[in-house]
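# Examining the three-dimensional arrangement
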Amino acid sequence: RRVRDGLPQNLKIEYVCELKIDGVSVSLHYIDGRLAVAATRGDGKVGEEITNNVKTIRSVPIKLDNWKSSKFNLTEFEVRGEIYMEMKAFKEFNEEREKRGEKTFANPRNSTAGTLKLQDPKLVDQRPLNIFVYFLATELSQFETHFENLELLKQLNFRVNRESKLCSTIEEALEYCADWEKKRDKLPYEIDGVVIKVNSLTQQNILGAIAKSPRWAVAYKFKAKQAVTKVNKITWQVGRTGALTPVADLEPIFLAGSTISRATLHNIDEIRKKDIRENDTVVIEKGGDVIPKVVSVDFDKRPAESIEVPIPENCPVCGSELVKPAEEVAIYCVNTKCSAQLKGRIIHFASRGAMDIEGLGESLINLFVDLELLKSYADIYELKNKKEELVNIERLGEKSVSNLLEAIEESKKQPFNKLLFGLGIRYVGAGAAQKLSENFKDIDEMLAATEEEIESIQDIGPSISSSIKQFFNVKENIEILNKLREHKLNLKADKQSKVSDTLADKTFVLTGTLSSMSRDSAKELILKHGGKVTSSISKNTDFVLAGENPGSKLDKAQKLNIKILSEDDFMKIIG
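Along each chain, the written sequence defines residue order, and numbers are assigned to residues from 1. Only residues with pLDDT of at least 70 get local features here, since the model is predicted, and only at 80 or more are side-chain atom pairs given and counted; chain-wide, interface and lining totals rely on the full set of residues. As a rule here, side-chain values come from all non-hydrogen atoms in the structure, and water together with hydrogens is ignored.

## A look at empty space enclosed by the protein
Only protein atoms enter the 1 Å grid used here. Points where a 1.4 Å probe fits but cannot escape make up a cavity, open sets with protein on both sides within 12 Å along at least five of seven lines make up a pocket, and a residue lines them when an atom lies within 4 Å of a point. Grid points are joined across faces, edges and corners, and a volume is the space filled by probe spheres set on the points. The tally for this structure, following the rule as stated, stands at one cavity of 30 Å³ or more. Within this model, the largest cavity holds a volume of roughly 30 Å³. Around the largest cavity, the lining residues are Ile21, Asp22, Tyr84, Met85, Pro108, Tyr189 and Glu190. Split by residue class, the lining of the largest cavity holds five nonpolar, no polar and two charged. Three categories are distinguished: nonpolar for Ala, Val, Leu, Ile, Met, Phe, Trp, Tyr, Cys and Pro, charged for Asp, Glu, Lys and Arg, and polar for the others, with Gly belonging to the last.

## What about the environment of Val401?
Segments assigned H or I by DSSP are reported as helices when at least four residues long, segments assigned E as strands when at least two residues long, and all are numbered from the N terminus. Inspection of the secondary structure puts Val401 in helix H13 (residues 398–411). Accessibility expressed as a relative area gives 1% for Val401, which makes it buried. For the pair Val401 and Lys384, spaced 17 residues apart in sequence, the C-alpha separation works out to 9.2 Å. Note on contacts: a residue pair qualifies if any of its non-hydrogen atoms lie within 4.5 Å across the two residues. Residues contacting Val401, with those up to four places away along its chain left out, are Lys387, Leu390, Val391 and Leu396. Burial classification: accessible surface area is computed with a 1.4 Å probe over protein chains only, and a residue below 20% of its type maximum counts as buried, one above 50% as exposed, and the rest as partly exposed.

## Topic: the packing of helix H10 (residues 339–350) against helix H11 (residues 362–370)
Here, axes are lines fitted to C-alpha atoms. For helices the fit covers the stretch in contact, and angles between N-to-C directions go from 0 to 180 degrees. Here H10 crosses H11 at 135°, and the two axes come no closer than 10 Å. Classed by the angle they form, the pair H10 and H11 counts as oblique. Regarding H10 and H11, the two cross each other, and that crossing is right-handed. Here H10 contributes Ser339, Leu342, Lys343, Ile346, Ile347 and Ala350 to the contact with H11, which in turn contributes Glu362, Ile365, Asn366, Val369 and Asp370. Orientation is classified from the angle alone, with under 35 degrees giving roughly parallel, over 145 giving roughly antiparallel, 65 to 115 giving roughly perpendicular, and any other angle giving oblique. Helix crossings fall into two classes, left-handed where the near helix is turned counterclockwise from the far one by less than a right angle and right-handed where it is turned clockwise.

## Observations concerning the pairing of strand E16 (residues 507–511)
Most of E16 is tucked away, with five of its five residues classed as buried. A two-sided burial pattern is seen for E16, the buried positions comprising Thr507, Val509 and Thr511 on one face and Phe508 and Leu510 on the other. Following DSSP output, two strands are said to pair if at least two bridges run between them. Note: E16 against strand E17 (residues 532–534), three bridges, orientation parallel. Within E17, the position partnered with Val509 by the bridge is Thr534.

## Thoughts on the side chain of Glu328
The residue Glu328 is located in the loop between strand E14 (322–323) and strand E15 (332–333) in this model. Relative accessible area serves as the criterion here: at 19%, Glu328 is assigned to the buried category. Reaching out from Glu328, the side chain makes a polar contact with the side chain of Tyr332 at a distance of 2.6 Å. Any pair of N or O atoms that falls within 3.5 Å is considered a polar contact. Within protein, one atom must be able to donate a hydrogen and the other to accept it, and sequence-neighbouring residues count only if both atoms are side-chain atoms. Within the structure, Glu328 has its side chain in polar contact with the side chain of Arg426 (distance 3.2 Å).

## Points about the environment of Val54
Within the secondary structure layout, Val54 lies in helix H2 (residues 51–54). For Val54 and Ala38, which are 16 residues apart along the polypeptide, the C-alpha to C-alpha distance reads 6.7 Å. Residues contacting Val54, with those up to four places away along its chain left out, are Val26, Leu28, Leu35, Ala38, Val60 and Ile83.

## Side note on helix H18 (residues 462–472)
Residues Ile464, Ser465, Ser467, Ile468, Phe471 and Phe472 constitute the buried set of H18. On an axial view of H18, the arc spanned by its buried residues comes to 165°, and they lie on one face. What points out from H18, more than 90 degrees from its buried face, is the exposed set Pro462 and Gln470. In this fold, the buried residues of H18 make contact with helix H15 (430–439), helix H16 (443–448), helix H17 (451–455) and helix H19 (475–486). In this context, the arc is that of the directions from the helix axis out to the C-beta atoms.

Given below as structure tokens:
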């Protein structure tokens, strides 16, 4: 339905179905037929360079013999794929590690990810990594379809999954999904679903993308695998927002590639609804094959010693009284100085999606908070003044401390959107942080904006705008922000991509289907030329860029006498 709504009527739409490999995404960059750079996909824009490690994988071509014979210009191109371990190879690899007294890995995906991060390619070479590729892109040639793209990859001797299929209807694609859900256990590698893609690249461009994913593709996730085990105890964890989450400590059991000993119970309402008690026998599954959760209780096996868990009245960490907002199911510790909340906030701030401070992981953060070396995430940048104290901590030494301090200093280069995400403002995820950084030149402009101005940004709603204002109305948060400013962190949006001020101070609204570009591409052009894009029309709107089937926004623009631009008009303005 999303594809049909986003494309002109009566177009023939084909779909390509591909097995969703449970591995680690990688980008391979080839120049003149040779592998030049390999990197993890990271957040889609920035990843880790792993060229030497990837060169040890035998199924990755280092040199292409026939790239010049193609009808396409392949002087420089990018290939994307998924690196993984087959289950049999993973099992044998783990058995060898166990014999040598080394720590075993939980599942093939974790083993793959850990291997690719190793510093020594010789060690990587000893591990059974493999690859499937699914995408080729170059600015030097134009392809017509995704399936043609896959066929070209095969001709170049890349390893493409042979189960990929071209489907003429969405019904045929759904049959493919249902068929592979039944057959998934027969494969030598792990899959967790199917990716369905629109085949035509022209149609893909028209459909465009939203903050997190393309509109021309969707992941069909398989039902999670299940297992039966026992709940030994129910405990409560305090998160960075103060919300308490009940957790079931389980009798360890192997499920979907890893041993499960804990599972989330979400909230007290979920516990009451499913009537989950200590000592119960329960069915568990991995939500999305990642996060373990309790699905149901086997009441026929409920023992006499089953224990119903009471709602806690005080925080299990700091002892503060708990609060339950009337409109929410969660209960909260409102003590912002609670060490569990503090640890959670700093862990989030230092995480890869935010400030990406290598070496500052959960265990080290917990230790530093317990030692009162960190009382907020701004204190991370004070650690350089405590180097002697850090070196004297057990399990830390001169080299590891120096590496940590270098990583902290390096994190100051992180862009504004990463810092904004790292602040941990409720509802402001990575996508929202990116949108905000595109529409405000710096943190001060965002602080000065009204809720209405924040909400005028496409995909930013009242929950986000209200949460932002509440966050910065807290004196302690402003003090932390000022400390980050003193440490010269990046509080300004990256405007390096801006090419002119042609549209400076001009606000656009996009409506309808554009024929020569996606709406995301049009928005990017507006931002590059100094303009702004909002989702709703108001008296402050300067232009409406209208494509086919524009809808009610066009009517409203006409009533407000707002100038309406065609694609040709728009391209003439930006030159």
